[in-house]
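Observations on the model geometry
These are the residues of each chain, in order.
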Amino acid sequence: MKDCIFDNFQNSVDESLLRHRSILDIITKLQESESRVNRAVAKSITNCGCIKLGAKNQYTPDNIDDLNLDAIKSSHDPHVQGNLCENCREVIERELGNNLFYITSLCNLLDLNLYDILLKEYDKISTLGKYTMR
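Residues numbered from 1 in each chain as written. Predicted model: local features only at pLDDT ≥ 70, side-chain atom pairs only at ≥ 80, totals over all residues. Heavy atoms only, no water.

**Considering the pattern of salt bridges**
- Summed over the entire model, instances satisfying the criterion amount to 4 salt bridges.
- D14 is the salt-bridge partner of R21, the closest N and O atoms lying 2.9 Å from each other.
- When its relative accessible area of 40% is taken as the criterion, R21 is described as partly exposed.
- Assessed through its relative accessible area of 35%, D14 is described here as partly exposed.
- For E32, the salt bridge is made with K29, and the minimal N-O distance between the two is 3.6 Å. Taken as a pair, E32 and K29 lie in helix α2 (residues 23-48) at a separation of 3 residues, close to a single helical turn.
- Residue K29 is classed as partly exposed on the basis of its relative accessible area of 23%. (Salt bridge = Lys/Arg side-chain N within 4 Å of Asp/Glu carboxyl O. Buried < 20%, exposed > 50% of the residue type's maximum accessible area, 1.4 Å probe, protein only. Helix = DSSP H or I, 4+ residues; strand = E, 2+ residues; numbered from the N terminus.)

Written out as structure tokens, the structure is:
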């Protein structure tokens, strides 16, 4: 069922993309959409203030060899404080949706299946688990 949703989405993107069918158009629109996602997150911090940025050096314990990966993971701070307000959430979701549109457009142009890419990434993550170290 989920593969049908991905395939339907990929087909819908292909049908709705009319003007920007060149690889150059698509990769530059993808880059623009990524910038808009970053801008929307930044505006949530600087304009709205619903989330705050508390960036500082990541603490890495001295005895890293003696710790398990869960302990290392819990020692790292995501630097985000607070929760997105409804307006910021809507804006970021819309920008991420646009980003998915152009990622899918790139997949279509290169004859790649978005669902297959997701499955391969999922398999890699589930096989390697915490050891993917991204």
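So that's the structure; there's more coming.
**Focus on helix α4 (residues 86-109)**
- Spanning 24 residues, α4 covers 35 Å between terminal C-alpha atoms, matching the ideal 34 Å at 1.5 Å per step.
- Listed in full, the buried residues belonging to α4 are C88, I92, E95, N99, Y102, T104, S105, L106 and C107.
- At the C-terminal side of α4, D111 shows a positive phi close to 55 degrees. (Expected span 1.5 Å × (residues − 1).)

**A word on α2**
- Relative to the 38 Å expected for 26 residues at 1.5 Å per residue, α2 spans 36 Å between its end C-alpha atoms, a close match to the ideal helical length.
- A bend of about 30 degrees at A42 is the largest found in α2.
- Among all positions of α2, only I26, L30, S33, V37, A40 and S44 are buried.
- Tucked into the core, α2 has its buried residues touching β1 (51-53) and α4.
- Sitting at the head of α2, S22 places a side-chain oxygen 3.1 Å from the backbone nitrogen of L24.
- Backbone geometry just downstream of α2 places G49 in the positive-phi region, at approximately 85 degrees. (Bend = angle between axes of the 7 residues up to and from the residue. Contact = heavy atoms within 4.5 Å. Polar contact = N/O pair within 3.5 Å; in protein donor to acceptor, adjacent residues only side chain to side chain.)

Read these as layout, nothing more, since geometry by itself doesn't imply function.
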